[in-house]
Amino acid sequence: MSDSIHKTTFTMPIGPIHPAIHEPIRLDLSVDGEEIVDVDVAAGQVHRGIEWIGMNRNNPVQSIYLAERICGICSACHPFTFVQAVEQAAGVDVPPRAEYVRVIVAEMERIHSHLLWAGVAGHEIGFDSLFHLVWRVREKVMDLTEYITGNRNSKAMYQIGGVRRDITEEQVPTIQKTLDYYKSVFDELKKLLLDDPTVKMRTKGVGILSREDALRFCAAGPTARASGVATDVRQDHAYSAYADLGVQAITPDVLTGTVVGDTYDRIVVRVLEVKQSIELIEEALAAMPEGPILTEPKIAKLLAVLEKADGEAVARTEAPRGECMHYVRMKAGEDTLEAWKIRAPTYANLISVPAMLIGQQIADVPIAFASIDPCMSCSNRAVIVDRHSGARSELDGEQLHALSVEKTRRLNSELTGK
Amino acid sequence: MDILSARDVEQSFKDALDGALVATRIYEREVGLKKSRYTSLWLDVKRDGFRAAILHLCQLQEMPHFTVIAPVDRGESVDLLYHFSLYHGHHLKAIALAIRVTLQKSQLTIPTISDIIPGAIFAERETQEMMGVKVTGIPDDRRLFIPDDFPQGVYPWRRDETGPHDMLRVLSGRQGIQHE
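Please clarify how the overall build of chain B should be interpreted in this entry.
What chain B contains, in helices and strands, is three helices and seven strands. Dimensions of chain B, computed from C-alpha atoms along their principal axes, come out at roughly 60 × 40 × 30 Å. Here chain B holds 180 residues, and 39% of them are scored as buried. Partitioning the intrachain contacts of chain B with sequence separation of at least 6 by distance along the chain shows that 51% fall at a separation of at least 24.

Please explain the sheet that holds strand S3 (residues 65-73) of chain B as it appears in this structure.
Whenever strands of a sheet pair, they do so through backbone hydrogen bonds, lying parallel or antiparallel. Residues and elements named next belong to chain B. Reading across from one edge, S1-S2-S5-S4-S3 is the order of the five strands in this open sheet, with mixed pairing throughout. Only two strands of the sheet have a single neighbouring strand rather than two, namely strand S1 (21-31) and S3. Direction aside, neighbouring strands of the sheet carry axes that sit 20° apart on average. Contacts between helix H1 (residues 6-17) and the sheet are confined to S1, strand S2 (36-45), strand S4 (77-86) and strand S5 (95-104), with S1 contributing the most and set at about 175° to the helix. Where helix H2 (residues 47-60) meets the sheet, it contacts S1, S2, S4 and S5, and its direction lies at approximately 165° from that of S5.

Sorry if this is basic, but what is going on with the interface of chain B and chain A here?
In many analyses, interface size is given as the accessible surface area lost on bringing the parts together. Counting residues at the interface gives 38 residues for chain B, matched by 40 residues for chain A. Put simply, the parts of the chain that give the side of chain B that touches chain A at least two residues each are S1, S2, S3, S4, S5 and helix H3 (121-131) of chain B. Of all the elements, S3(B) adds the most residues to the side of chain B that touches chain A, at six residues. Its residues assigned to classes, the side of chain B that touches chain A comprises 24 nonpolar, 11 polar and three charged.

Sorry, what's going on with the pairing of S5(B) here?
Two faces belong to every sheet, and in a regular strand the side chains alternate between them. All names here are of chain B. With seven of 10 residues buried, S5 is to be regarded as a mostly interior element. When S2 meets S5, the two strands line up parallel, connected through five bridges. Note on S5: the bridge partner recorded for Leu41 is Leu97. Summarising the sheet, S4 and S5 pair through 10 bridges and their orientation is antiparallel. Along S5, the bridge assignment pairs Leu80 with Val101.

Mind showing me how you'd approach the sheet that holds strand S7 (residues 322-330) of chain A here?
All names here are of chain A. One open sheet holds the three strands; their spatial order is S6-S7-S8, and the pairing between them is antiparallel. The open sheet is flanked by strand S6 (311-319) and strand S8 (339-343), the only strands paired with a single partner. In this sheet, adjacent strand axes meet at a mean angle of 10° when their direction is disregarded. Examined bridge by bridge, S7 and S8 share five bridges and lie antiparallel to one another. Across the sheet, residue Met325 finds its bridge partner in S8, namely Arg343. Together, S6 and S7 form the strand contacts of helix H3 (residues 77-90), whose direction differs from that of S6 by roughly 155°.

Sorry if this is basic, but what is going on with the domain arrangement of chain A here?
Residues and elements named next belong to chain A. Partitioning chain A into domains gives domain 1 (3-45 + 347-416) and domain 2 (53-287). For the side of domain 1 that touches domain 2, the secondary-structure elements that each account for two or more residues are helix H15 (345-349), helix H16 (353-357), helix H17 (365-370) and helix H18 (397-416). A per-element tally of the side of domain 1 that touches domain 2 places H18 first, with seven residues. Residue composition of the side of domain 1 that touches domain 2, by class: 17 nonpolar, eight polar and three charged.

Would you mind showing me how to read the nonpolar core here?
Considering soluble globular proteins, one finds that nonpolar side chains tend to be buried as a cluster. Residues and elements named next belong to chain A. Judged by nonpolar contacts, the single largest core of 177 residues is most densely connected at Ala85, Ile104, Ala284 and Val328. Element by element, the count of residues in this core is highest for helix H4 (residues 96-124), at 13 residues. When residues of this core are assigned to domains, at least three fall in each of domain 1 (3-45 + 347-416) and domain 2 (53-287). In this structure Ile104 touches Ile167, Ile281, Ala284 and Leu285, once residues within four positions along its chain are discounted.

What is the right way to look at unusual backbone geometry in this model?
Excluding glycine, a negative phi dihedral is what most residues carry, and trans is how most peptide bonds are arranged. Residue and element names in this part refer to chain B. Positive phi, close to 60°, is recorded for Asp18, a residue that is not glycine. By secondary structure assignment, the location of Asp18 is in the loop between H1 and S1. On the basis of neighbour counts, which here come to 10 C-beta atoms within 10 Å, the residue Asp18 falls in the exposed class. Even without glycine at this site, Leu92 takes up a positive phi of about 55°. Secondary-structure assignment places Leu92 in the loop between S4 and S5. The exposure class of Leu92 is partly exposed, given the 19 C-beta atoms found within 10 Å.

Would you mind going over the packing of helix H5 (residues 128-149) of chain A against helix H6 (residues 172-194) of chain A with me for this structure?
Each pair of packed helices gets described by two things: the angle between the helix axes and the distance between those axes. Residues and elements named next belong to chain A. As a packed pair, H5 and H6 sit with axes 11 Å apart at the nearest point and diverge in direction by 165°. Regarding the angle of H5 to H6, the classification is roughly antiparallel. Seen along the crossing, H5 lies across H6 with a hand that is left-handed. Residues Leu130, Val137, Lys140, Val141, Leu144 and Tyr147 of H5 form the contact with H6, whose own contacting residues are Thr174, Ile175, Thr178, Tyr181, Val185, Leu189 and Leu192. Partitioning the contact of H5 with H6 into residue classes produces 10 nonpolar, two polar and one charged.

Explain the packing of H4(A) against helix H13 (residues 263-287) of chain A here, please?
All names here are of chain A. In the contact formed by H4 and H13, the axes pass within 9 Å of each other and the chain directions differ by 155°. The angle between the axes of H4 and H13 places the two elements in the roughly antiparallel class. Our pair here, H4 against H13, has a crossing hand that is left-handed. Contact residues: Tyr100, Val103, Ile104, Glu107, Met108, Arg110, Ile111, His114, Leu115, Trp117, Ala118 and Ala121 in H4; Ile267, Arg270, Glu273, Val274, Ser277, Leu280, Ile281, Ala284, Leu285 and Ala287 in H13. Classifying every residue of the contact of H4 with H13 by side-chain character gives 16 nonpolar, two polar and four charged.

Calculation criteria
- Sequence positions are assigned chain by chain, starting from 1 and proceeding in written order.
- Numbering of ligands from 1 and lettering of chains from A proceed in the order in which they are written.
- Residue-level local features of this predicted model are given only where pLDDT is at least 70; pairs of side-chain atoms are given and counted only at 80 or more, and the full residue set underlies all totals for whole chains, interfaces and linings.
- Numbered from the N terminus, helices here are DSSP runs of H or I no shorter than four residues, and strands are runs of E no shorter than two.
- Any residue surrounded by 20 or more other C-beta atoms within 10 Å of its C-beta is treated as buried, while 12 or fewer makes it exposed and the intermediate range makes it partly exposed; C-beta atoms here are placed from the backbone.
- Contact between two residues is assigned when their C-beta atoms, built from the backbone, lie within 7 Å.
- Each pair of strands is called paired provided DSSP finds at least two bridges between the two strands.
- Angles run from 0 to 180 degrees between N-to-C directions of axes, and those axes are lines fitted to C-alpha atoms, restricted for helices to the stretch in contact.
- Only Asp, Glu, Lys and Arg are considered charged, only Ala, Val, Leu, Ile, Met, Phe, Trp, Tyr, Cys and Pro nonpolar, and every remaining residue, Gly among them, polar.
- For the domains described, the bounds stem from an automatic or database domain assignment.
- Each nonpolar core consists of buried Ala, Val, Leu, Ile, Met, Phe, Trp, Tyr and Cys residues. Their C-beta atoms, within 7 Å, join them into a set.
- Orientation categories follow fixed angle ranges, with anything under 35 degrees roughly parallel, anything over 145 roughly antiparallel, 65 to 115 roughly perpendicular, and all other angles oblique.
- Each crossing is labelled by how the near helix is turned from the far one, with a counterclockwise turn of less than a right angle marking it left-handed and a clockwise turn marking it right-handed.

In structure tokens form, the structure reads like this:
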């Protein structure tokens, strides 16, 4: 926009407690009336120095539990990635049965995470009945997770060299029962999330990320796939039991015939991935070999092996939000890691946020920003700055949410003519 | 776009970079019951040839997927590992690629790659604030995760005197973390 026009813009701070995801991040939006002209992301309000602790205080086994606490939603993907990186660096083998248990737990997490997100998306546009319904459906997989691992979240299943608990023969019917439940409600769920006029109205054409931008900004996971980039770590770098299962990346054209890269497409991808996860768990249960689940059950012996290890490795997994990567370097004689770098998926996806929001209205911020399923522990608020006077004002989450709800009501009444 | 094997990618870098390529390593591992192969390629590149290496990488694929920079304090020097993933879209065809540049502590600078790969900006900002490596030509010089009131010249991931050791609160009855 040319300066000579002297258009008045305003910078609007959104956060650090973001209205969409109740986690700390700040978005500084430069707005021209209702239209967003520029976006700046201010991260770092929950940086806890986890990598530092892994390099200076914890031994690698203790760091598994720390990695599990990077995120409260995806508490399988971080330990999963971390143990693989350490296993490669130290040359620890994993029994085949453990690989299948790992994949089953990771896929249960994807079902719960995608459903959690779908509920939040409904809430963002003021569609709270959808939110309550989806979260009720989600409870079944939470119950199953508790049944298998002993906890709804922070499952403590992953160990260097295998898993800590087996999935026994008598547990399989309960797993199958839950999967059957999801299969029975899937079509209904899909119809609610993808065919509802309110959802369509608020998500189609909103927050578009082009394929080119998704590649340039190195987007990951459903955010990249919804823009037509057929990338999925479970396919590209197939790890663990995924190498046997043959996962294919899901892009929205499978269902809709085209790729738009908008918020709607991101819902399409996640809904279809719920079904994919159900099928993957079934396949994994059928193909799971017999055998031990842990190479070295004695922690002291394992730690002795790890202390002698000298080497480096990188491991990637497909977390519900996209590519999760851990790099570790181990030095013989040191009980902590020499280096640990974690790259969680939102770290990558935040870079794409400005491209999605520019040109949108303020009322579209909650749903468009939520559409990348941001997770701040992976990687802050909204500030409004007047472009003319440079004045700053703050808009809190509730005001922003109210704007979004109002927009839905307005469009709905236009739609129904009431 | 042709999908090259890790060995061909390695060779193409040897041809393109000539003397700037210090060492290469291919790591292969069996995955799953069907014994599929997972491949990663590690390249050690001199700082002078680093941008040429990234430009060559962009010749192999329209936009290589950049993951992150992993900086390691190795005592006398700092290693920067640029992690990439080549060839998405096919079962186990992707190559995990790591490009390492070793920098002496007397000269901790690295040219930016954000002009070539815009998605690298967060990692470059993080490398500056956490490891104290100056990224020359970086389009956005601000801190990313560390708050503005954190002291200048302290880098959390360093293991030398510029590390944050003096800032740690040691609980009574416990020993502080020793460093040389």
